[in-house]
Every structure is written in structure tokens, then in C-alpha cells.
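A closer look at the structure
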Amino acid sequence: SFSLDDIISRLLPISDAVIHNHDEKIEGSTEINSDEKVEESLPFNVEELVVHGNIAESYYAVGENLEKIKKISFSNPSQLIYYDLLRDFDGLQHIVSNNPKYYIQDGVVYNSDKTQLIYYCKGKEETTYTAPETVTVIQDDSIRSQSLKTIDLSNTRIQIIPKNTFWGMENLEK
């Protein structure tokens, strides 16, 4: 895992970052000065990102490695999950959060009572997704998986499907 502290949201030094590359553990450190704009991504082959602070700043620090990240863990129980940033993580398969506002199951993020589908991890390899019958709302732009061929909403109580819900899903058949 590669940990970014709350400090990165203010672009202050990061130290003792730990990166997991498959089973190999690599330890290193990097520094971002508060007076520098972050224009280059951190030079790591990151598969797991542990976010201690602001997901937006973590997003910019990881940069071109976004597609390599398979798991994002939010360490602070009060952190919000901004799905509009997560949709750029093409390989993302798992999200971990202890925030009581969310219910996360198999890479799919719902609100706490599972009435809203908030985000479906783009890197999940399943070809079929069946939404729970409790779902009444799908957040706009929340599903972008290229693996999905079938999305079953037949047992839900969804009354409105936002117009961009299935945009860009070239393999979606049903």
C-alpha cells in the first residue's frame, strides 16, 4: 500500500511511504514542497492506495499510475468517497471504508441502507451485475465497467435512470 497523509492535501513533505508491488514490499520516501505545484506523478507501480487525507490530492500524486490501482482504502471513518474522481481509476476492483454512510460489497459502493448505488468499481471483471432490491436510486455516471455485459435492475424499485448511467459501456448488451 502507498499511504498519503493529510499533509499532502497541503502539499507538505511525505515520508516513509510503503508501496506493495504484488507480493514485493518496497519502502521509500518522497517529498513535495509546499511551494511547488505537483505536475508529475509519484514514480511508483502502485496497486493499493491508502488515503489518510484528501482523495483529490492523492489522485494528483498518483497521476499516470491511476489505471494500476486495484484497491483504495480510506483510513479515516469520516472520509467521503467522491465517485467522480474514482471513475478515472480504470483498474479499481475494491474499496475499503469504515464510514458508516456507506455500505460496500464486492467493489460496489451504496449508501448505508443500500437504497442508492453510488459507485461500481470500473476494474471489476464480472460480466453480470444484479442490483439489490433495496436500490431505488442510481447515481449519475456511477457505472463505467467495460466488463459488464448485463445489468439486472428488474428487482429494484428504481423509477428514474439518469441519462449518463451507461454511457461509454461498449460491451453492455442487456
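Rules used throughout
Residues numbered from 1 in each chain as written. Predicted model: local features only at pLDDT ≥ 70, side-chain atom pairs only at ≥ 80, totals over all residues. Heavy atoms only, no water. Helix = DSSP H or I, 4+ residues; strand = E, 2+ residues; numbered from the N terminus. Contact = heavy atoms within 4.5 Å. Phe/Tyr/Trp six-rings, centres within 6.5 Å; stacked < 30°, edge-to-face > 60°. Buried < 20%, exposed > 50% of the residue type's maximum accessible area, 1.4 Å probe, protein only. Lys NZ or Arg CZ within 6 Å of the ring centre and 35° of its normal. pLDDT = per-residue confidence, 0-100. Salt bridge = Lys/Arg side-chain N within 4 Å of Asp/Glu carboxyl O. Pairing = 2+ DSSP bridges.

Take the environment of Ile55 next. Assignment of secondary structure puts Ile55 in helix H1 (residues 55-62). A sequence separation of 31 residues divides Ile55 from Leu86, and the C-alpha atoms of the two residues are 8.9 Å apart. Those residues in contact with Ile55 that lie beyond four places of it in its chain are Phe74, Tyr82 and Leu85.

To continue, consider the packing of aromatic side chains. Applying the stated criterion to the full structure yields 2 aromatic pairs. Aromatic pair Tyr103 and Tyr110: ring centres 6.4 Å apart, planes at 45 degrees, arrangement tilted. Residue Tyr103 is classed as partly exposed on the basis of its relative accessible area of 34%. Summarising the aromatic geometry, the rings of Tyr120 and Tyr129 are spaced 5.2 Å apart at their centres and angled 65 degrees between planes, so their arrangement reads as edge-to-face. The ring of Tyr110 has Lys114 sitting right over it, with the charged end atom 5.5 Å from the ring centre.

Taken residue by residue, the protein chain gives an average pLDDT of 75. The fraction at 70 or more is 71%. Within the protein chain, the lowest mean pLDDT, 33, falls on strand S2 (residues 14-21), and the highest, 97, falls on strand S10 (residues 128-130). pLDDT under 50 marks residues 1-43. Its contacts with residues more than four places away, or in other chains, come to 88 contacts.

Scanning the entire structure with this criterion turns up 3 salt bridges. The residue Asp90 makes a salt bridge to Lys122 at a minimum N-O spacing of 2.8 Å. Of the two residues, Asp90 sits in the loop between helix H2 (83-86) and strand S6 (94-97) while Lys122 sits in the loop between strand S9 (116-120) and S10, which places them 32 residues apart along the sequence. Judged by its relative accessible area of 41%, Asp90 falls in the partly exposed class. We note a salt bridge from Glu126 to Lys124, for which the minimum N-O separation is 3.2 Å.

In the case of a regular strand, side chains alternate between the two sheet surfaces. Judged from the 4 bridges that link them, strand S4 (residues 48-51) and strand S5 (residues 71-74) form a sheet pairing that is parallel. When the bridges of S5 are listed, Glu48 appears paired with Lys71. Relative to S6, S5 runs parallel, the two sharing 4 bridges. By the bridge assignment for S6, Lys71 is matched with His94.

Now for the sheet that holds strand S7 (residues 102-105). One open sheet accounts for 4 strands, arranged S7-S8-S9-S11; its pairing is mixed. At either end of the open sheet lies a strand with only one pairing partner, and these are S7 and strand S11 (137-138). Sheet topology places S7 next to strand S8 (residues 108-111); 4 bridges connect them, and they run antiparallel. If you follow Ile104 over to S8, its bridge partner there is Val109.

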